[in-house]
Amino acid sequence: GVMAFIESNADFREAKEKLLTIQSNLRDSVLTREQKDELNQKIQAAFENLNIRKEIEQEKNIEIAQKFFSELQPKVDARMHEASISVIFKDLREKLKNIQAEVRDAILLRDQRNELHEKLQRVFETINTRHDADRAAFTNQASENYKRLKALVDKGFALAEESHEYKDTREFLKKIQSEFKGIKLVREEREELYSKLQKAFEILNNRVDEYFHTKKKNWEVRMQYKLTETETDIDRLKKEIIAERENLLEL
């Protein structure tokens, strides 16, 4: 029964330890030499059987591991290439995490697993290096863009407050507004400048409204004065006509 258990047990380490225990107990047992020799032969046969089964199992595992390795290696190599050219770092990291999970769950030999892990680590390092470089370049460019755009917005704001060339000022503000499209800026700085530009538009619009309101009011005043002047002339002419008629009657 014990031998059958050993031969059917898939855990080779457990089976080997069981055989060693039996062998040790056999040495201390009260048996004849012939009985001990017979049992020792059976134990040796079990050891040989166990080793053969272990070799077969190892060969099967090597075949399975090679199959997994052959499938995973091209995927890892593809990610290595992609990491050197792609700028969509978030998607790349997500793909790498998925491959890491595949490597973790796959049946692989130690050397194969180590090779894939090392490659994946290099891919992560490549992505991090390129990402840091891109961020540094973005920060520098965003800083230069902010300085240039701020000067324009400040100028536009001053014109909106002071200039009487309303049309030219509005065109200038629109030109500044077009500069925001596609330009690299830190979000907070973009919002700061755009908010100030919108405020400049509001100030200009209010001044233009006030200008036309004042102009209309002045026109109304002039028209009222002219109307009053005309009415006075009409009264004067009426009186002259009456006087002329009286002169005609006397004649």
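Since the model is a prediction, treat every value here as computed from it, not as a measurement.

Chemist: Would you explain the packing of aromatic side chains in this entry?
Modeler: Taken as a whole and assessed by the stated rule, the structure comprises three aromatic pairs. Ring plane angle 85° and centroid distance 5.0 Å describe the contact between Phe180 and Tyr194, whose orientation is recorded as edge-to-face. In this pair, Phe180 is assigned in the loop between α6 (166-179) and α7 (187-250) and Tyr194 in helix α7, connecting sequence segments 14 residues apart. Ring geometry for Tyr211 against Phe212: centres 5.2 Å apart, planes inclined by 75°, an arrangement best described as edge-to-face. Judged by its relative accessible area of 48%, Phe212 is partly exposed. Sitting above the plane of the Phe157 ring, Lys196 keeps its charged end 5.3 Å from the centroid.

Chemist: Explain the nonpolar core here, please?
Modeler: Generally speaking, soluble globular proteins have nonpolar side chains that are buried together. Membership of the largest hydrophobic core comes to 19 residues, with the highest contact counts inside it found for Leu173, Ile176 and Phe180. Put simply, the parts of the chain that give this core at least two residues each are α5 (110-162), α6 and α7. Broken down by element, the residue count for this core peaks at seven residues, all from α7. Discounting residues that sit within four places of it in the chain, Ile176 has contacts with Leu152, Val153, Gly156 and Leu197. Counting 16 residues, the second-largest nonpolar core is a separate cluster that includes Ala83, Val123, Phe124 and Ile127.

Chemist: Help me out: how do you make sense of the side chain of Glu82 in this one?
Modeler: Relative to the helices and strands, Glu82 is located in helix α3 (residues 33-85). A polar contact of 2.8 Å, which involves the side chain of Glu82, links it to the side chain of Arg79. Once you skip the residues sitting within four places of it in the chain, Glu82 turns out to touch Leu92 and Lys95.

Chemist: What should I look at first to understand α6 in this one?
Modeler: For α6, spanning 14 residues, the distance from its first C-alpha to its last is 20 Å, which sits close to the expected 20 Å at 1.5 Å a residue. All of the buried residues in α6 are Tyr166, Thr169, Phe172, Leu173 and Ile176. Axial view of α6: buried residues confined to an arc of 125°, hence all on one face. Residues Lys167 and Lys175 are exposed on α6 and point more than 90 degrees away from its buried face.

Chemist: What am I meant to see in the packing of α5 against α6 here?
Modeler: How two helices pack is summed up by the angle between their axes together with the distance between the axes. For the pair α5 and α6, the least separation of the axes is 10 Å and the interaxial angle reads 155°. As summarised for this structure, α5 and α6 are arranged roughly antiparallel, according to the angle between their axes. The handedness of the crossing between α5 and α6 comes out as left-handed. Contacts from Arg148, Leu149, Leu152, Val153, Lys155, Gly156, Leu159 and Ala160 of α5 reach α6 at Thr169, Phe172, Leu173, Ile176 and Glu179.

Chemist: Would you mind showing me how to read the pattern of salt bridges here?
Modeler: For side chains of opposite charge, pairing can occur when their charged atoms come near one another. Enumeration over the complete set of coordinates arrives at 12 salt bridges. Linking Lys119 and Glu115 is a salt bridge whose minimum nitrogen-to-oxygen distance equals 3.7 Å. Of this pair, Lys119 and Glu115 both sit in helix α5, four residues apart, which is roughly one turn of that helix. Between Asp154 and Lys150 there is a salt bridge, with its nearest N and O atoms 3.0 Å apart. One end of the pair, Asp154, and the other, Lys150, are both in helix α5, four residues apart, so they sit about a helical turn from each other. Residue Asp154 is classed as partly exposed on the basis of its relative accessible area, which comes to 27%.

What counts and how
- Residues numbered from 1 in each chain as written.
- Predicted model: local features only at pLDDT ≥ 70, side-chain atom pairs only at ≥ 80, totals over all residues.
- Heavy atoms only, no water.
- Phe/Tyr/Trp six-rings, centres within 6.5 Å; stacked < 30°, edge-to-face > 60°.
- Helix = DSSP H or I, 4+ residues; strand = E, 2+ residues; numbered from the N terminus.
- Buried < 20%, exposed > 50% of the residue type's maximum accessible area, 1.4 Å probe, protein only.
- Lys NZ or Arg CZ within 6 Å of the ring centre and 35° of its normal.
- Core = buried A, V, L, I, M, F, W, Y, C linked by side-chain atoms within 4.5 Å.
- Contact = heavy atoms within 4.5 Å.
- Polar contact = N/O pair within 3.5 Å; in protein donor to acceptor, adjacent residues only side chain to side chain.
- Expected span 1.5 Å × (residues − 1).
- Arc of directions from axis to C-beta.
- Axes fitted to C-alpha atoms, helices over the stretch in contact; angles between N-to-C directions.
- Parallel < 35°, antiparallel > 145°, perpendicular 65-115°, else oblique.
- Left-handed = near helix turned anticlockwise from the far one by under 90°.
- Salt bridge = Lys/Arg side-chain N within 4 Å of Asp/Glu carboxyl O.

Fair warning: the whole summary comes from geometry, so function is off the table for now.
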